[in-house]
Amino acid sequence: MAGTVARDAFGEVDGQAVERWTLAHGDLRVAVMTYGAILLRLDAPGRDGEKANVVLGFPTLADYVAGNDPYFGAVAGRFANRITDGRFSLDGQDYQLTRNGGAHHLHGGARGFDKRVWAAAEATSGDGPAVRLVYRSPDDEEGYPGALDLTVTYTLTGDALRLDYEATTDAPTILNPTQHSYFNLAGEGSGDVLGHRLRLAAGRFVEVDAALSPTGRLAQVEGTPFDFRESRPIGGRIREAHPQIVIGRGYDHCFVFDRPASADRSILIGARVEEPGSGRVLDLRTDRPGVQFYTGGFLDATLVGSGGRVYRQGDGFCLETQTFPDAPNRPEFPSPVLRPGKTFRSRTEFAFSVSG
Ligand code: BGC
């Protein structure tokens, strides 16, 4: 197999050892730790061959444990994004989840998957070096029904970082995991991403209220700052006084991929981001129905990043593939329900290349 896998000790959380796994293949190199299944760094070459770490992060494990509110690099779940009032019903049973995002449930609760130590093992894949991370979420954790077994495999294929999710449960539950990396293709800590060009294959987005909870309406992007169907700079319309831009402090919205019904579960290129200076290009491929595009509006210059620089609003963008927020309460949204005897399987890839 081409590529290499290395593992080293990365400290402890609550007496549990944390490991860092480093995968290298072709021109790409990533480091992932077992705390939160967090992607710590991703090195990719630019047009001139020079490598840069293109994901935001903290300098030390202690920083992640103390202040991972931004969810840098984490796998968020059980249900990433918001569930209104933290409430939902399933099979006639009412459930109350932790309310940790104002009145709402956000990213799996006070101690979601991003704040747990996962077990790790090298995975065998013909496509490149891989690490398999496993977490068992007990029944009632953060209020969720059913014990859930989740495996997330990070594989470095020749040109992409691939995430494969696989989960089973012992009782009916809900699941909506995502990867919450903040990217800056010019290099972490190098400034804002407003000059990056984005193409997003989405004609609609999930409209939200002032507390970022879905109104239930899927708004059309046509004629609004949310229209990225043709490639254009992220910052081009980010200062327009569109009510949804004001609520999101920029973009903090779930976009609905345009997907022919026949391609319902297949993987497609959902987004392309290009950084003109370095030439780095990121292609997002996924089988998920939506993606939260977030421009880091809550980064407020109070966090020092892995490279020793302060992060400000707009210094990174997230493309969090998922079903839509509040889906457990909205039967018209793609269902997040997982039942015993069924296996949840999903794939998202972040592919890197350079443009001339
Ligand atoms: C949410 C933001 C939130 C951020 C960090 C994003 O996925 O949409 O509203 O501030 O995560 O928690």
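Structural notes, computed from the coordinates. Keep in mind it's a predicted model, so treat the numbers as computed, not measured.

Comments concerning the overall build of the chain
The helix and strand tally for the chain stands at two helices and 30 strands. Over its C-alpha trace the chain gives a radius of gyration of 19 Å, about what one expects of a compact globule, namely 21 Å for 356 residues. Judged by the C-alpha coordinates and their principal axes, the chain covers about 60 × 50 × 45 Å. Burial status across the chain gives 58% buried among its 356 residues. Put simply, of all contacts in the chain between residues at least 6 apart along the chain, 65% involve residues at least 24 apart. Taking the 38 positively charged and 46 negatively charged side chains of the chain as two groups, their mean positions are separated by 2 Å.

Focus: the sheet that holds strand β1 (residues 4-13)
The sheet built from five strands is open, its strands ordered β1-β2-β3-β4-β5 with antiparallel pairing. At either end of the open sheet lies a strand with only one pairing partner, and these are β1 and β5 (51-53). If you compare each strand with its neighbour and ignore which way they point, the axes differ by 15° on average. Inspection of the sheet shows strand β4 (residues 39-45) paired to β5 by three bridges, in the antiparallel sense. Bridge pairing links P45 to K51 in β5.

Some details on the nonpolar core
In this structure, L42, Y154, L200, F293, F317 and F352 are the most contacted members of the largest nonpolar core, which totals 57 residues. Residue contacts for F317: discarding those within four places in its chain leaves S181, Y182, F183, L185, V193, H196, I234, V273, L282, F293, Y294 and T295.

What to know about the environment of S190
One can find S190 in the loop between β17 (182-183) and β18 (197-200). Between the C-alpha atoms of S190 and P325, which are 135 residues apart in sequence, the distance is 31 Å. Within the local environment of S190, its side chain forms a polar contact with the backbone oxygen of G187, the two atoms lying 2.7 Å apart.

Some details on the sheet that holds strand β14 (residues 160-169)
Ordered by their spatial adjacency, nine strands build an open sheet running β11-β12-β13-β14-β30-β24-β23-β18-β21, and the pairing between neighbours is antiparallel. The open sheet has two free edges, formed respectively by β11 (119-123) and β21 (232-233), since each of these has just one partner strand.

Some points on the packing of aromatic side chains
Enumeration according to the criterion identifies 21 aromatic pairs in this entry. Centre to centre, the rings of F205 and F255 are 6.0 Å apart; their planes meet at 35°, and the pair counts as tilted. Placement of the pair is F205 in strand β19 (residues 202-208) and F255 in strand β22 (residues 252-257), with a sequence separation of 50 residues. The burial state of F205 is the same as that of F255; both residues are buried. A connected cluster of aromatic rings, assembled from ring pairs, spans F58, Y64, F72, Y182, Y294, F298 and Y311. If you follow R232 out to its NZ or CZ, it ends over the ring of F228, 3.9 Å from the centre.

Quick notes on the site of the ligand
Near the ligand lie 13 residues; those nearest to it are R82, H107, H180, D252 and E320. A distance of 2.9 Å separates an oxygen atom of the ligand from a polar atom in the side chain of R82. Take E320: an N or O atom from its side chain is 2.7 Å from an oxygen atom of the ligand. Taking 300 Å² as the accessible area of the ligand by itself, protein coverage stands at 94%. Along the lines of polarity and charge, the residues of the shell around the ligand split into six nonpolar, three polar and four charged.

About the cut-offs
- Residues numbered from 1 in each chain as written.
- Predicted model: local features only at pLDDT ≥ 70, side-chain atom pairs only at ≥ 80, totals over all residues.
- Heavy atoms only, no water.
- Helix = DSSP H or I, 4+ residues; strand = E, 2+ residues; numbered from the N terminus.
- Rg over C-alpha atoms; globule rule 2.2 N^0.38 Å.
- Buried < 20%, exposed > 50% of the residue type's maximum accessible area, 1.4 Å probe, protein only.
- Contact = heavy atoms within 4.5 Å.
- Lys, Arg positive; Asp, Glu negative; His and termini not counted.
- Charge placed at Lys NZ, Arg CZ, Asp CG, Glu CD.
- Pairing = 2+ DSSP bridges.
- Axes fitted to C-alpha atoms, helices over the stretch in contact; angles between N-to-C directions.
- Core = buried A, V, L, I, M, F, W, Y, C linked by side-chain atoms within 4.5 Å.
- Polar contact = N/O pair within 3.5 Å; in protein donor to acceptor, adjacent residues only side chain to side chain.
- Phe/Tyr/Trp six-rings, centres within 6.5 Å; stacked < 30°, edge-to-face > 60°.
- Lys NZ or Arg CZ within 6 Å of the ring centre and 35° of its normal.
- Near = heavy atom within 4 Å.
- Areas by Shrake-Rupley, 256 points an atom, 1.4 Å probe, with all protein chains shown as cover.
- Nonpolar A, V, L, I, M, F, W, Y, C, P; charged D, E, K, R; others polar.

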